[in-house]
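A look at the structure
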Amino acid sequence: MRKNRFLFNKHVVAMAALGALAAPLPVLSNEPGVLVEQLCASCHSLNNLERSAGYSQEDWQTLIGYMVDTGEGTALSKDISTYFAKHYPINTKRESTVVKGDLKLSFKYWQVPTLGQRARDPVQGKNGLIWWVGQWGNILGRLNPKTGEMKEYTLPSGTYAHSVSLDKNQTPWFLGNKNGTVGYLDLKTEKFKVYKMPNKNARDPHTGVFDNAGIFWFTLQHSNMVGKLDPKSGDIQLATLPTKGSRPYGIKLDSNGSPWVSCNGSNCLVKVDKNTMELSEIKLPGAKTHTRRLAITPDDMVFYVNSGMGKLGRYNPKNGNITEWDNPSGKNSHPYAIEYADSAIWFNESAKRPETLVRFDLNTETMQSWQIPSKEGVYSGLIRHMRMGNNGLIIHQTATNQLAEITWSK
């Protein structure tokens, strides 16, 4: 065991170099259970294990291999996966409900190079390149889906970007969730340009979107703010949401270029005046309602995932009507990501295992859903964002550090 512990020590040191560990390195134990607790807790809550759907020994070994390098075929890798299979066997406590239909999906996967980075929020440019951020690895990544070639850039120290967006020149902009910055990668020099928030209370830029005038709009979740940056001048303006603890999360533009924001901490949507930054709050029904993200259709209907109640919602800005539909897997499904594509609203049920993708047909107001596979048959998430690419939906799975493209046919 001593030799194999060295492999895990190398992993822990590597993660410390990436900034994933804030606490001192643990003293590794020879006891598998203690070793698992030490190493898993260094990256995520142990509740993830308790709430998992469980796997066979072989599938646990595959999943672990997506997160850390334990040494392929080593005794340590087998010991850990055997322990997981014994204590966290296959179960149905988070089983999803699947609604059958005529549409068929195809998945194409790419494994990002650096393990444990928590790859997330991929976006595809018109030139076909896909960009992502590895939040825990402090990484900005680029994928050429035609060749499979990938390149990773280490972001400025302490950035831990939450999301990446593209401007009209296909330049990737990142949101520094841990150091209160917004910045971009200069594609010619491959150097970063960084803008700091003008207010010390604006700590956590979260998700962003560019309007047609080139203005970058973004949310700051725990700071309870919305911001806009003019790349020409570098000027940043901030506005605080009307309700304390609203936790602005997702952001999208309507056909007039006005930003709309979803509230992850309160039952509200917020419309932003693109000229004055005046904020208008729309209260949604249900005290437990909170909305991770939103999508806006071409006719300016605002759809949102009611993550707290397990529903899909629609707000009609023209008459103020609000309509909600139950998710296939019920009130505890925790819908998370959402996108409009192909005359439908797509969203995922992130609390279910296997995680499900749901399509809501706007013409028939009916749903079809699919269990989302991972490579090697391991079902794991979470999908925290999805965006329409050149051919289909571009998604990610943070636990397995994979990017994927979803296409469909009848």
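The shown structure was predicted, so the numbers you read here are calculated from the model rather than taken from an experiment.

Conventions used here
- Residues numbered from 1 in each chain as written.
- Predicted model: local features only at pLDDT ≥ 70, side-chain atom pairs only at ≥ 80, totals over all residues.
- Heavy atoms only, no water.
- Helix = DSSP H or I, 4+ residues; strand = E, 2+ residues; numbered from the N terminus.
- Rg over C-alpha atoms; globule rule 2.2 N^0.38 Å.
- Buried < 20%, exposed > 50% of the residue type's maximum accessible area, 1.4 Å probe, protein only.
- Contact = heavy atoms within 4.5 Å.
- Salt bridge = Lys/Arg side-chain N within 4 Å of Asp/Glu carboxyl O.
- Pairing = 2+ DSSP bridges.
- Axes fitted to C-alpha atoms, helices over the stretch in contact; angles between N-to-C directions.
- Domains from an automatic or database assignment.
- Buried area = accessible area lost by both parts, 1.4 Å probe.
- Core = buried A, V, L, I, M, F, W, Y, C linked by side-chain atoms within 4.5 Å.

Check the secondary structure of the chain and you find 5 helices and 28 strands. Relative to a compact globule of 410 residues, whose C-alpha radius of gyration would be 22 Å, the chain shows 21 Å and is just as compact. Here the C-alpha coordinates of the chain stretch approximately 65 × 50 × 45 Å along the principal axes. Of all 410 residues assigned to the chain, the portion counted as buried reaches 56%. For the chain, the share of sequence-separated contacts (at least 6 apart) that also reach a separation of at least 24 residues comes to 48%.

Inspection of every chain in the model, using the stated rule, returns 9 salt bridges. Between Asp121 and Arg120 there is a salt bridge, with the nearest N and O atoms lying 3.1 Å from each other. Classification of Arg120 as buried rests on a relative accessible area of 5%. In this structure, Arg359 engages Asp342 in a salt bridge whose closest nitrogen and oxygen atoms are separated by 3.9 Å.

Ordered by their spatial adjacency, 4 strands build an open sheet running β10-β11-β12-β13, and the pairing between neighbours is antiparallel. Each edge of the open sheet carries a strand with a single partner, namely β10 (205-210) and β13 (235-240). Taking each pair of neighbouring strands and ignoring which way they run, the sheet shows an average axis angle of 20 degrees. Inspection of the sheet shows strand β12 (residues 225-230) paired to β13 by 6 bridges, in the antiparallel sense. Residue pairing in the sheet places Val226 in a bridge with Ala239 of β13.

Let us now look at the domain arrangement of the chain. What the domain assignment lists for the chain is domain 1 (32-87) and domain 2 (104-409). Taking the mean C-alpha position of each, domain 1 and domain 2 sit 29 Å from one another. Contact with domain 1, which involves 13 residues of that partner, is made by 16 residues of domain 2. Together domain 1 and domain 2 conceal approximately 1,100 Å² of surface at their shared face, both sides included; 60% is due to carbon and sulfur atoms.

Now for the nonpolar core. Formed by 17 residues in total, the largest nonpolar core has its most connected members in Val36, Leu49, Trp60, Leu63, Ile80 and Phe84. Listed by contribution, the elements that provide at least two residues to this core are α2 (32-41), α4 (57-67) and α5 (75-87). If near-sequence neighbours (up to four positions away) are discounted, Leu49 is found in contact with Val36, Cys40, Trp60, Phe84 and Tyr88. Counting residues in each nonpolar core, the second largest holds 16 residues, with Tyr109, Trp370, Leu393 and Ile406 among its members.

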